[in-house]
Amino acid sequence: MQTDHSQSRRQFLKSSTALASFFIVPRYVLGGPGYLAPSDQISLGFIGLGRQSGGLRRNFQQTGQVRIPVACDVDRTKMVKFITDVKAAAGVTPAAGTNNTAENCKPYDDFRAVLDRSDVDGVVIVAPDHWHAAIAVRAAEAGKDIYCEKPLSLTVAEGRAMVKATRKYKRVFQTGSMQRSWKEFRQAVELVRSGAIGEVKTVKVNVGGPPEAWNLTAETLPNGLHWDMWLGPNPVDRPYNSQLAPPLGADYWARWRNIKEFGGGGMTDWGAHMFDIAQWGLDMDKSGPVSLTPPSDNSGKGLVYTYANGVKMIHEPVQGGQFCHFIGTEGEVKVGRGSLITTPASLKDKVIAESDRKIYHSENHYVDFLNAMRSRKPPVCDVEVGHRTATVCNIGNIAYELKRPLRWDPKKEKFVDDDEANKWLSRPLKKEWKV
């Protein structure tokens, strides 16, 4: 038998539900156009807070789709500055005392603490190249999606380890080769891939040369910099030098890019941008060249890559801005940042019909990554793409180092019948950081 109490309770719940539904307000009304509730925002942890991280932070925060609850660097001063900028961009000052989530951006000096956070959806890796693989593989194991700066890896073996970890743990991985989301590069590649310049015969790439041997002297280690952690995976101890880790506010880029055990010189730094466009235009995102012929003059320029279809890609540094130049049987396409020059000139503005487009279309590299995190589909510069581009750069450096022709098997990712060259495909790592 039903009591008056149970009847009253049921009526109350019914009326309360109706009242609540009447007062539900769409999120966009609460926050205005583009508003994204905190519960729908993606949580990103930044690892590596040097000069490059500032632009990445701005680009991600400007999407309005992310929060940054954690930041990590081995340099305390850079960490403090970065967190201050995160708060300022979110409209929070240290004295504001609001509940904005950006106010809780917590500092760490060990990236593993970031990976342990259950509230971090993905990480943005902006550490030097010699750290990329060690961090990315562990991030994938921790269930984090990954945005990693280019060049993806310091060696071919490390790049392949990053791909394997990404696939094994079903992560989304965007390589920071953002030119793939820029209009002029997209148009250039569409023209090449659609046959607008006929059959491609040659590609010329204008970027710097190979890295240098260690040539820096020891300097006084500044307070707040954990140098052993900066060196990280490298088994060879090197003294601190401000060219490797510039102090906050320095007006120059860190020179680790040009030192062999930390970077790959212009071949990997700018090469990861322009060789990337060459690979994209040649439809080689899952492959690569089959032979490399370095110059005989030991000049660090003039290396010729040959693909299985006969196309030759030439590392041909010249003065001026970096570019990628496709030469075909019926025309040419030369593209650099903010510049697209075609022969004939009318090709530049040719409209590629939707049905004829050959490539992934991304307008914003950072939004594309966030969209991929939500859809679980590969972004425009997936880890395999980034790895293949880094491989082209790295094997080029090996050819310059050995000063002789090499045959490359892009499927096996090995040099053909060449034990000496294959030794260069990996490097020694401290046991703690092996991948």
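Treat the numbers as computed from the prediction; the structure is a model and nothing was measured.

Caption draft 1: Quick peek at the pattern of salt bridges. Taken as a whole, this structure holds 27 salt bridges when the rule is applied. Here E384 ties to R388 by a salt bridge, and the two come within 2.9 Å at their closest N and O atoms. Residue E384 and its partner R388 are both found in helix α13 (residues 383-402); the two are separated by four residues, about one turn of the helix. One exposure class covers both E384 and R388, and it is buried.

Caption draft 2: Layout of the side chain of N397. Structurally, the position occupied by N397 is in helix α13. Not counting chain neighbours up to four residues away, the residues in contact with N397 comprise P210, P211, G264, M267 and T268.

Caption draft 3: Representation of the environment of L216. With respect to the helices and strands, L216 occurs in the loop between β7 (200-206) and α9 (227-231). Setting aside chain neighbours within four positions, we find L216 in contact with N241, Q243, L244 and R255.

Caption draft 4: The packing of aromatic side chains, seen in detail. All told, the structure shown has 16 aromatic pairs when counted by the stated rule. Relative to Y366, the ring of F60 has its centre 5.3 Å away and its plane inclined at 75°; by these criteria the two rings are edge-to-face. Taken together, the positions of F60 in helix α3 (residues 51-61) and Y366 in helix α12 (residues 365-375) put the pair 306 residues apart, joining distant regions of the chain. Three or more aromatic residues link up through ring pairs in this structure, and these residues are F46, F60, F82, Y147, Y366 and F369. Sitting over the face of the ring of W253, R51 holds its NZ or CZ atom 4.3 Å from the ring centroid. Positioned above the aromatic ring of F323, the side-chain terminus of K334 is 4.3 Å from the ring centre.

Caption draft 5: Focus on the sheet that holds strand β6 (residues 173-175). In spatial order, the strands read β3-β2-β1-β4-β5-β6; together these six strands make up an open sheet with parallel pairing. Looking at which strands have only one partner, the edges of the open sheet turn out to be β3 (106-108) and β6. Here the strands of the sheet are splayed against their neighbours by 20° on average, with no regard to which way each runs. Relative to β6, strand β5 (residues 145-148) is paired through three bridges, and the arrangement is parallel.

Caption draft 6: Up close: the environment of Y108. By secondary structure assignment, the location of Y108 is in strand β3. Taking the C-alpha atoms as reference points, Y108 and I47, 61 residues apart in sequence, are found 9.1 Å from one another. What Y108 contacts, discounting residues up to four positions off in sequence, is V70, A71, C72, D73, M79, A113, V114 and R117.

Caption draft 7: Main features of the layout of surface pockets. Approximately 650 Å³ is the volume attributed to the second largest pocket. As for the second largest pocket, its lining consists of 26 residues, of which P211, K260, E261, G263 and W424 are closest to the centre. A class-by-class count of the residues in the lining of the second largest pocket yields ten nonpolar, nine polar and seven charged.

Caption draft 8: Region of the structure containing the nonpolar core. V203, F275, L292, Y305, M313 and F415 are the most contacted members of the largest nonpolar core, which has 46 residues in total. Of all the elements in the fold, those that place two or more residues in this core are α8 (183-193), β7, α11 (271-281), β11 (323-328), β12 (332-336), α13 and β14 (406-409). Among the elements that take part in this core, α13 stands out by supplying seven residues, more than any other. Residues in contact with V203, not counting those within four places in the same chain, are A278, L282, V311, K312, M313, I314, C324, H325 and F326. Of all hydrophobic cores here, the second largest spans 45 residues; its members include F111, A254, F262 and A390.

The rules we used
Residues numbered from 1 in each chain as written. Predicted model: local features only at pLDDT ≥ 70, side-chain atom pairs only at ≥ 80, totals over all residues. Heavy atoms only, no water. Salt bridge = Lys/Arg side-chain N within 4 Å of Asp/Glu carboxyl O. Helix = DSSP H or I, 4+ residues; strand = E, 2+ residues; numbered from the N terminus. Buried < 20%, exposed > 50% of the residue type's maximum accessible area, 1.4 Å probe, protein only. Contact = heavy atoms within 4.5 Å. Phe/Tyr/Trp six-rings, centres within 6.5 Å; stacked < 30°, edge-to-face > 60°. Lys NZ or Arg CZ within 6 Å of the ring centre and 35° of its normal. Pairing = 2+ DSSP bridges. Axes fitted to C-alpha atoms, helices over the stretch in contact; angles between N-to-C directions. 1 Å grid on protein atoms, 1.4 Å probe; cavity = no way out; pocket = protein on both sides within 12 Å on 5 of 7 lines; lining within 4 Å. Points joined across faces, edges and corners; volume = space filled by probe spheres on them. Nonpolar A, V, L, I, M, F, W, Y, C, P; charged D, E, K, R; others polar. Core = buried A, V, L, I, M, F, W, Y, C linked by side-chain atoms within 4.5 Å.

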